[in-house]
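Given next are the chains, with one letter for each unit.
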Amino acid sequence: MVKIHRSYTVDEAARALGVAKGTIRRWLTSAKLSAVEGLRPALILGSEIACFLDKRQKPKQVCALQECYCLTCRAPREPAGGMADIILHANGGGNLRALCAVCSGIMHKRVSGTAIPALQAILDVAIQQALPRIGK
Ligand SMILES: [Zn+2]
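Right, let's walk through the structure included here. (Residues numbered from 1 in each chain as written. Predicted model: local features only at pLDDT ≥ 70, side-chain atom pairs only at ≥ 80, totals over all residues. Heavy atoms only, no water.)

Attention now goes to the environment of Gln128. Along the chain, Gln128 falls in strand 8 (residues 124-129). On the basis of relative accessibility, which here comes to 32%, the residue Gln128 falls in the partly exposed class. Separated by 40 residues in the primary sequence, Gln128 and Leu88 have C-alpha atoms spaced 6.0 Å apart. Every residue in contact with Gln128, bar those within four places of it in the chain, is listed here: Asp85, Ile86, Ile87, Leu88 and Arg97. (Helix = DSSP H or I, 4+ residues; strand = E, 2+ residues; numbered from the N terminus. Buried < 20%, exposed > 50% of the residue type's maximum accessible area, 1.4 Å probe, protein only. Contact = heavy atoms within 4.5 Å.)

This part covers the coordination of the zinc ion. Listed as protein donors to the zinc ion are Cys70 (SG), Cys73 (SG), Cys100 (SG) and Cys103 (SG); their distances from the metal cover 2.2 to 2.3 Å. Note that the zinc ion binds four donor atoms; their angles at the metal cover 104 to 113 degrees, and the shape is tetrahedral. With relative accessibility at 32%, the residue Cys103 sits in the partly exposed group. (Donors = N, O, S within 2.8 Å, 3.2 Å for Na, K, Ca; no water. Tetrahedral: all angles 85-135°; square planar, octahedral: opposite > 155°, others 65-115°.)

The next thing to look at is the packing of aromatic side chains. This model, assessed by the stated rule, comprises one aromatic pair. Between Trp27 and Phe52, the ring centres sit 4.6 Å apart and the planes meet at 55 degrees, which makes this aromatic pair tilted. Of the two residues, Trp27 is situated in helix 2 (residues 21-29) and Phe52 in helix 3 (residues 46-57); the sequence distance between them amounts to 25 residues. Accessibility expressed as a relative area gives 6% for Phe52, which makes it buried. The aromatic ring of Tyr8 is capped on one face by Arg6, whose charged end is 4.3 Å from the ring centroid. (Phe/Tyr/Trp six-rings, centres within 6.5 Å; stacked < 30°, edge-to-face > 60°. Lys NZ or Arg CZ within 6 Å of the ring centre and 35° of its normal.)

Here it is as structure tokens:
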């Protein structure tokens, strides 16, 4: 675990991260990681290392239009069989519901009204009207 309030030499950083010293040096020379300027030997701030690790470990997971974020897989997934239901809301948007192509779990996603024609072009979409509220 890297402590953000201390600084690390290349050797210490390598040990803290469980990588080779050469790996740390490579990250430094490729400017992926920056050391404190003007110091020799290089000293790396813990906060810098923590930030670097954070960026590496969490690649942005952006769902493509037809993909939904599957809570079971913890990743964006394509709908199984290219099929999805969209339950339309009165405001023109809708709720897309599909099965995960990988784990068959149910995935949900809000879609805007403008995205629906594009989705229909990619997926086999069954449009359903939201049930009118009872007592209205
Ligand atoms: Zn899944």
